[in-house]
Amino acid sequence: LYTVVRCPDCRGAITPREAGAVCAGCGRTFAADAGYLDLRPRAAFDEQTKYLDDALHVDARHETVAPPLLGSKIRNDRLRAFLQLTPADRVVDLGCGSGRAMVWNQDTGASMTGIDIAAFFSREALDRHDLLLGDLRRLPLADEAFTKAWSLDVLEHLSPQALRDMLTEANRVLAPGGALFVYT
């Protein structure tokens with residue numbers, strides 16, 4: 001994980017240390033004590049998502065991952081057909097939510113990292129994948145670090161400017177020839 005993460009503020013390399021991580025560039029420290037690395041930028045964007053609201057998650061549906069059914073199965077089948085994931089791939093899930101799509105696709109052997117602004121991750125995703133708290137408009141990831149990416153049911157929640165920023169960042173973190181699957 002530490003080979004691909006960067007400080008969201010200065011883009012400096014981040015190294016692990018006890019109970020978290022530190023940026024080699026600006027010295028900022030980051031928490032990692034909950035099973036994920038918190039790499040949200042210091043300056044919050046004015047535009048925020050409703051998914052940060054604890055009340056939306058009170059039913060705890062995010063805590064476990066059920067098998068993909070109906071629309072989720074169709075969406076995941078299309079993702080697999082388009083991206084054709086292999087063990088050689090390094091994948092980023094942009095707006096991963098609970099991390100269920102990573103759990104559903106772990107059998108491909110691809111290395112997966114999920115990023116979301118809200119920390120409502122499933123236990124399965126926390127146990128099996130690298131998870132980050134971060135903003136899609138300022139990805140705390142190295143340039144060209146991923147061969148493939150997906151973003152499922154995220155773009156419709158973004159303003160036109162946030163969408164441009166997110167897609168610019170997705171392009172930056174994808175290696176030349178990389179692929180981005182979007183479902184909305």
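Everything that follows concerns the structure shown earlier in this document.
Here we summarise the structure given alongside this text.

Calculation notes
- Residues numbered from 1 in each chain as written.
- Predicted model: local features only at pLDDT ≥ 70, side-chain atom pairs only at ≥ 80, totals over all residues.
- Heavy atoms only, no water.
- Phe/Tyr/Trp six-rings, centres within 6.5 Å; stacked < 30°, edge-to-face > 60°.
- Helix = DSSP H or I, 4+ residues; strand = E, 2+ residues; numbered from the N terminus.
- Buried < 20%, exposed > 50% of the residue type's maximum accessible area, 1.4 Å probe, protein only.
- Pairing = 2+ DSSP bridges.
- Right-handed = clockwise from strand over helix to strand, strands pointing away.
- Axes fitted to C-alpha atoms, helices over the stretch in contact; angles between N-to-C directions.
- Contact = heavy atoms within 4.5 Å.

## A look at the packing of aromatic side chains
Reasoning step 1: For the structure shown, the criterion picks out 2 aromatic pairs.
Reasoning step 2: Residues Tyr36 and Phe121 carry aromatic rings whose centres are separated by 5.3 Å and whose planes lie at 65° to one another, so their mutual orientation is edge-to-face. On the criterion of sequence distance, the pair formed by Tyr36 in the loop between β3 (29–31) and β4 (37–38) and Phe121 in the loop between β6 (111–116) and α3 (123–128) is long-range, its members being 85 residues apart. Both residues of the pair, Tyr36 and Phe121, belong to the buried class.
Reasoning step 3: With a centroid separation of 5.7 Å and 45° between ring planes, the pair formed by Phe82 and Phe181 is classed as tilted. On the criterion of sequence distance, the pair formed by Phe82 in helix α1 (residues 70–83) and Phe181 in strand β9 (residues 174–183) is long-range, its members being 99 residues apart.

## A short note on the pairing of β9
Regular strands place side chains that alternate from one sheet face to the opposite one.
Reasoning step 1: One ladder, built from 6 bridges, connects strand β8 (residues 146–152) with β9; its direction is parallel. Bridge pairing in β9 links Leu152 to Tyr183.
Reasoning step 2: In terms of handedness, the path from β8 via helix α4 (residues 160–173) over to β9 forms a crossover that is right-handed.

## Description of the sheet that holds strand β2 (residues 20–23)
Reasoning step 1: The strand order across the open sheet formed by 3 strands is β1-β2-β3, and the pairing between neighbours is antiparallel. Edge positions in the open sheet fall to β1 (14–17) and β3, since each of these has one partner strand only. This sheet shows a mean twist of 30° between the axes of neighbouring strands, independent of strand direction.
Reasoning step 2: One ladder, built from 3 bridges, connects β2 with β3; its direction is antiparallel. Bridge pairing in β3 links Ala21 to Phe30.

## Quick notes on the sheet that holds β8
Reasoning step 1: Within the open sheet, the 6 strands sit side by side as β4-β7-β6-β5-β8-β9. Their pairing is parallel. Every other strand in the sheet has two partners, leaving β4 and β9 as the edge strands with one partner each.
Reasoning step 2: Note that β6 and strand β7 (residues 130–133) share 4 bridges and pair parallel. Among the inter-strand pairings, Thr113 is bridged to a residue of β7, identified as Asp130.
Reasoning step 3: Of the strands in this sheet, β8 and β9 are in contact with α1, which crosses β9 at around 160°.

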